[in-house]
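Structural overview for review
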Amino acid sequence: MSVPRRMAQAFSLRDEDGMTTVGMVVSLLLALSMIFSSAQVYRIQSVSSRVQSVADAGALAAGNVIAEFMVAVRVCDSVALSLSLTSLTSTGLGIVACCVPGGQGVGAKLLEAGARVADARDSFSKTASEGLTRVQKALPFLAAASAASVAQGNGSNGSDYTALALLVPDSAEDIRVPQEDARAKQAREDAIGQAEEVKELARRAEEAALRAQDAKQRAFDHDCGARPGWCMAERAETLAHMTGAQNPVFSSVDAWSFSVALRRAQAYYPARLAVERPDDGSVQAQAQSALRKRFYTYAAKEVARGYVREGDSFEALFPHLPANTAQMRETELFAQAVYPVSVTDTSPTLHAWDGCPKAAGSTSRASLRDMEAGAWETCSECGFTAASLGKVAAASTSIGNGFEHHYEQVALAAEEYQKALEEGAPAKREAKSRVTKLLDQLRDACSSVGAFRIDADPPGGKGVVCLAVNTGPDAPDKGFESAFVQASGQLGCRVAISAATLVADPSGEGRSVIASLADGLASDSALAGVLGAAAGVWSGALSAYADGQSALDAAVREGVGGLPLVSASGLGDWAADALSDAFRTVGLQPANLDALRPATVNTAHVAQAGDSAFCARLLEVKRQAVEHPFMSNDVFSSVVGAVRRDVLQRFDAWGDSMEVATISIGGAQVPVTVALPPAVKGFASDAIGAAADKLLSVYASVTGSRQWD
């Protein structure tokens, strides 16, 4: 039977002209149903995927525990290295101080401080080894507690997260802190053993240097230091009209040298000879002027023979001029046949100069020696005798207004100066030899400390794997109810696995940790009281951990700057320079202070870095999951048991931190601690076990069987 045309049109979705109203409604209902279904699927997937974020957060939290542990390792490394450097540097500064009699008390304390710091370094090495190993063994628990705490903290709105973290590698060898090189111990023992000998040598050198210094000061005063009072410079200007470069004036003995006085004398006598004139026209005045010229000519020739040689040693010659008649008889003045001779009826007569009225017509010459050797007459006009010439020098040598008086004092001081230096030279030379050998030993020992460092490859050093599950009773349509999609029941367990590894972060945070430690130790009054001058050295040595050789140089300079190095012998300044030069060649390299940060990575990368059964099983499970996606739940039964066995260790009496080691020097103690994750305070090993049980129960609910271990 055929259907009438009008009735067929009523049930058709469209007519000849297009869509009908009924067709439009059905199309809209189908579209809305698809939209809401898709949105519901998206919501279910979004809610389910949150467990992956929790797994990622748990892996990062566990990785932070390893990063904090590595900070503690570096702190211990910096303390051990800085204590070694402080011990050696303090010993070197003690040797330098022993070279200065005024600093030998400080030197003894620095040598003692060097030994104390070495003992502290040995003690610290032992406690650091034990403490770091103890913390290292706790890392699986600490990391698991941190990951589990993060998972719990994310539970809300029906979500109930549980997480466990496993470290790769899951175990590590005990941390060994190497003992200090034997060369360092030998260098300190030799320094302490030879300290008294160095002190004695320095004392003898200093006494001789003080005598030399006193002689030089006297010479300086007589040359130009007493100006405007009587001195060589003042007499030369007044008597010979010498100025400028011929007659220089120095304000300090440190800038003056004996060569200044010698050059002044060598210029004075030619100048004085040139300006010499009789006081008046009398025969006596003319005779005295002639004799003065004779003396100045001789003096100029004598002083010209003088020399001053300065450098590694001192050698000088200041020819002495006759100061009286007896001394004049010992010179060529007495033997010079330059005086005119006149002959009377009885005996010959010697005259002071050719201008003597009684010398007119004389045809021969003779000396004062000739005169005193025979029966000679004394001239009634000039009255010339040996005493006449002797008085020329005697007058200017005996009293302070004569140039020769001050010149003679300089000449005597130069001899004393040279003698004192020669007497002190052997002691100074031996002291330098001993100090050089001791500093060389310290330099070699300091160069070797870089090989005796603390390092660790702890559990989790290659990475962290975190297992997370959400067992919360989330309804599929919660918060998204609609008439288009009916949902009943609850979402099943949602599981995820994540991994994190440590990467370097050159942010400077590692440097800040060491800087804070240095500031803290520098401000510790107890340590400063025990170490004294070495306390500042320790702070500088800690900086050397971060900055290397430049900071070590600065620490040595600062230490040297605090020593009383002023000495007449110069041994203190020499030893300070020798210490700086020796330590400058150490070549200390700065440590890598990049902070370590956890970053999420593919779990395969972490598993491939480990060689444990867990890593091998995880890689196999991941391979099977790729090939057979519906069998991937087996990962939990394979690894959760191993996680629980590794981390279930009970740690009692923990607070906010764990003490790694204690720096103990002379009764003063400074602990080095590791801050524990906040989760540890409120999280016990029972909670870790409960988390493992929950993960295993999740697997049992899926597979229908419980895995016993």
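Refer to the structure printed above.
Our subject in this report is the structure included herewith. Just so we're clear, the structure is a prediction, and the values are computed from it rather than from any experiment. (Residues numbered from 1 in each chain as written. Predicted model: local features only at pLDDT ≥ 70, side-chain atom pairs only at ≥ 80, totals over all residues. Heavy atoms only, no water.)

Turning to the sheet that holds strand β7 (residues 348–350), a few remarks are in order. Read across the open sheet, the 4 strands follow the order β8-β6-β7-β9; overall the sheet is mixed. For this open sheet the edge positions go to β8 (364–366) and β9 (377–378), each flanked by a neighbour on one side alone. Alignment of β7 against β9, held across 2 bridges, turns out to be parallel. Paired with leucine 350 across the strands is threonine 378, a residue of β9. (Pairing = 2+ DSSP bridges. Helix = DSSP H or I, 4+ residues; strand = E, 2+ residues; numbered from the N terminus.)

This part takes up the layout of surface pockets. Reported here for the largest pocket is a volume of approximately 770 Å³. Taken together, 27 residues make up the lining of the largest pocket; nearest its centre are Asp312, Tyr417, Leu421, Lys428 and Ser569. Secondary structure elements with two or more residues in the lining of the largest pocket: α4 (182–225) and α12 (403–448). Take the lining of the largest pocket: its biggest share by element is 10 residues, from α12. In this structure, the second largest pocket spans a volume of roughly 450 Å³. Surrounding the second largest pocket, 25 residues form its lining, Gln288, Arg292, Lys391, Val392 and Ala395 being those nearest its centre. Broken down by secondary-structure element, the contributors of at least two residues to the lining of the second largest pocket are α6 (258–275), α7 (283–303), α11 (386–398) and α12. Counted by class, the lining of the second largest pocket contains 13 nonpolar, 8 polar and 4 charged residues. (1 Å grid on protein atoms, 1.4 Å probe; cavity = no way out; pocket = protein on both sides within 12 Å on 5 of 7 lines; lining within 4 Å. Points joined across faces, edges and corners; volume = space filled by probe spheres on them. Nonpolar A, V, L, I, M, F, W, Y, C, P; charged D, E, K, R; others polar.)

If you walk through the whole model with that rule in mind, you get 3 cavities of 30 Å³ or more. Approximately 40 Å³ is the volume found for the largest cavity. Forming the boundary of the largest cavity are Ala80, Leu81, Ser84, Arg121, Glu180, Asp181, Ser448, Val449 and Phe452. With 3 residues, helix α2 (residues 21–98) is the single largest residue contributor to the lining of the largest cavity. Grouping the constituent residues of the lining of the largest cavity by class yields 4 nonpolar, 2 polar and 3 charged.

Turning next to the sheet that holds strand β3 (residues 161–168). Strand pairing in a sheet relies on backbone hydrogen bonds. The paired strands run either parallel or antiparallel. The strand order β3-β10-β11-β12 describes an open sheet built from 4 strands, whose pairing is antiparallel. The open sheet has two edge strands, β3 and β12 (595–601), and neither has a second partner. Geometrically, the sheet is characterised by an average inter-axis angle of 25° between neighbouring strands, direction not taken into account. Of the pairings in the sheet, the one linking β3 to strand β10 (residues 463–470) comprises 8 bridges and is antiparallel in character. Counted as the bridge partner of leucine 164 is leucine 467 from β10. Each of β3 and β10 is contacted by helix α3 (residues 104–153), which is oriented at about 155° to β3, the strand it contacts most. (Axes fitted to C-alpha atoms, helices over the stretch in contact; angles between N-to-C directions. Contact = heavy atoms within 4.5 Å.)

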